[in-house]
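# Residue-level structure breakdown
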Amino acid sequence: MIRYQFFPRSRGVTDEIQKVIDCFKVVECEIDSTTNNLVSNDVLAKVRPFLEKQDYRVEIGKTLDKKIDVPVLFGNDNIIDKSFYADAISKDGRIVIEVEAGQATENHRFLKDIFEACMMFDVDYLVLAVRNIYRTHDDFSRIYTFLETLYISNRLQLPLKGILLIGY
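Worth saying up front: this structure is predicted, and the values here are computed from it rather than measured.

## A closer look at helix H3 (residues 40–53)
Given a rise of 1.5 Å per residue, 14 residues ought to cover 20 Å, and the 20 Å separating the end C-alpha atoms of H3 matches this to within 8%. Along H3, the sharpest kink reaches roughly 45°, centred on Val-47 and followed within four residues by the proline Pro-49. Val-43, Leu-44, Val-47, Arg-48 and Leu-51 are the residues of H3 that are buried. As for H3, its buried residues are in contact with helix H1 (15–26), helix H2 (28–31), strand S2 (56–58), strand S5 (88–90) and strand S6 (95–99). Of the residues flanking the end of H3, it is Asp-55, one or two places downstream, whose phi is positive at about 70°.

Below is the structure:
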């Protein structure tokens, strides 16, 4: 079952963000972590055709030419000095998608994803897709609690307009 929550909770889901949710819902049965044990690349492969129909560029492999570079720092003559990789990015570069599986909470990979999205040039939204169930715990709920605390405490201001957490 696909679950999702947009943060901050004081804002609703935009049409652009809803289209991403819909892409995951199309393959819901194929990626459901309660019945399927897929790695993140397999989940991304299932949702890829639907994201591409929405004009997203989606990573197609792990070699440099198949990854998606998103600029972070620019040097002389506007040459990119530093970039981070994204699993998918919208045509306008404003929405970045990261799909995680077992490492989402085990290695706090979701924190790295948030940090990198905050550093990416012109990115407004992060979509973070994680397993509902990994081993014996609920990754979606664990990250939900973290994001809820982050936004309610108001101690750290992120440069993003929002984060969409999707549980698959």
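## Regarding the sheet that holds strand S7 (residues 125–130)
For sheets, the rule is that strands pair by backbone hydrogen bonds, running either parallel or antiparallel. Taken in spatial order, the six strands of this open sheet run S1-S8-S7-S6-S5-S2, and their pairing is mixed. Unpaired on one side and paired on the other, strand S1 (3–7) and S2 mark the two borders of the sheet. Taking each pair of neighbouring strands and ignoring which way they run, the sheet shows an average axis angle of 15°. By the bridge criterion, two bridges tie S5 to S6 in an arrangement that is antiparallel. The residue of S6 that forms the bridge with Ala-88 is Ile-97. Against the sheet, H1 engages S1, S2, S6, S7 and strand S8 (162–167), with an angle of about 15° to S8. Sheet strands touched by helix H5 (residues 109–119): S6, S7 and S8. Its angle to S7, the strand with the most contacts, is close to 165°.

## Considerations on the pattern of salt bridges
The final tally for this structure, using the stated rule, is twelve salt bridges. Note that Asp-124 is salt-bridged to Lys-161, the shortest N-O span being 3.8 Å. Linking Asp-124 in the loop between H5 and S7 with Lys-161 in the loop between helix H6 (139–153) and S8, this pair joins segments that are 37 residues apart in sequence. A residue is classified by how much of its surface remains accessible, and Asp-124, at 16% relative accessible area, is buried.

## A few points about the environment of Tyr-144
Topologically, Tyr-144 is positioned in helix H6. Note on Tyr-144: relative accessible area 22%, which makes it partly exposed. Spatially, the C-alpha atoms of Tyr-144 and Gly-61 are 29 Å apart, while their sequence positions differ by 83 residues. Among residues more than four places away in sequence, those in contact with Tyr-144 are Gln-5, Phe-7, Arg-9 and Leu-165.

## Comments concerning the nonpolar core
Counting residues in each nonpolar core, the largest one holds 27 residues, and the members touching the most others are Phe-24 and Leu-51. For this core, the elements supplying multiple residues, two or more each, are H1, H3, S2, S6, S7 and S8. If you tally residues by element for this core, the top one is H1, at five residues. If sequence neighbours within four positions are ignored, Leu-51 has contacts with Val-20, Cys-23, Tyr-56, Val-58, Ala-88 and Ile-97. Grouped together as the second largest cluster of nonpolar side chains are 25 residues, Ile-89, Leu-147, Leu-150 and Ile-163 included.

## Considering unusual backbone geometry
Residue Pro-8 is reached from Phe-7 by a cis peptide bond, and omega for that bond is 0°. As for its position among the elements, Pro-8 is in the loop between S1 and H1. At His-108, a position not held by glycine, the phi torsion is positive, near 55°. Positionally, His-108 belongs in the loop between helix H4 (103–106) and H5. For Arg-135, which is not glycine, the phi dihedral falls at a positive 55°. Its place among the elements puts Arg-135 in the loop between S7 and H6. On the basis of relative accessibility, which here comes to 60%, the residue Arg-135 falls in the exposed class.

Reading the values: the criteria
Residues numbered from 1 in each chain as written. Predicted model: local features only at pLDDT ≥ 70, side-chain atom pairs only at ≥ 80, totals over all residues. Heavy atoms only, no water. Helix = DSSP H or I, 4+ residues; strand = E, 2+ residues; numbered from the N terminus. Expected span 1.5 Å × (residues − 1). Bend = angle between axes of the 7 residues up to and from the residue. Buried < 20%, exposed > 50% of the residue type's maximum accessible area, 1.4 Å probe, protein only. Contact = heavy atoms within 4.5 Å. Pairing = 2+ DSSP bridges. Axes fitted to C-alpha atoms, helices over the stretch in contact; angles between N-to-C directions. Salt bridge = Lys/Arg side-chain N within 4 Å of Asp/Glu carboxyl O. Core = buried A, V, L, I, M, F, W, Y, C linked by side-chain atoms within 4.5 Å.

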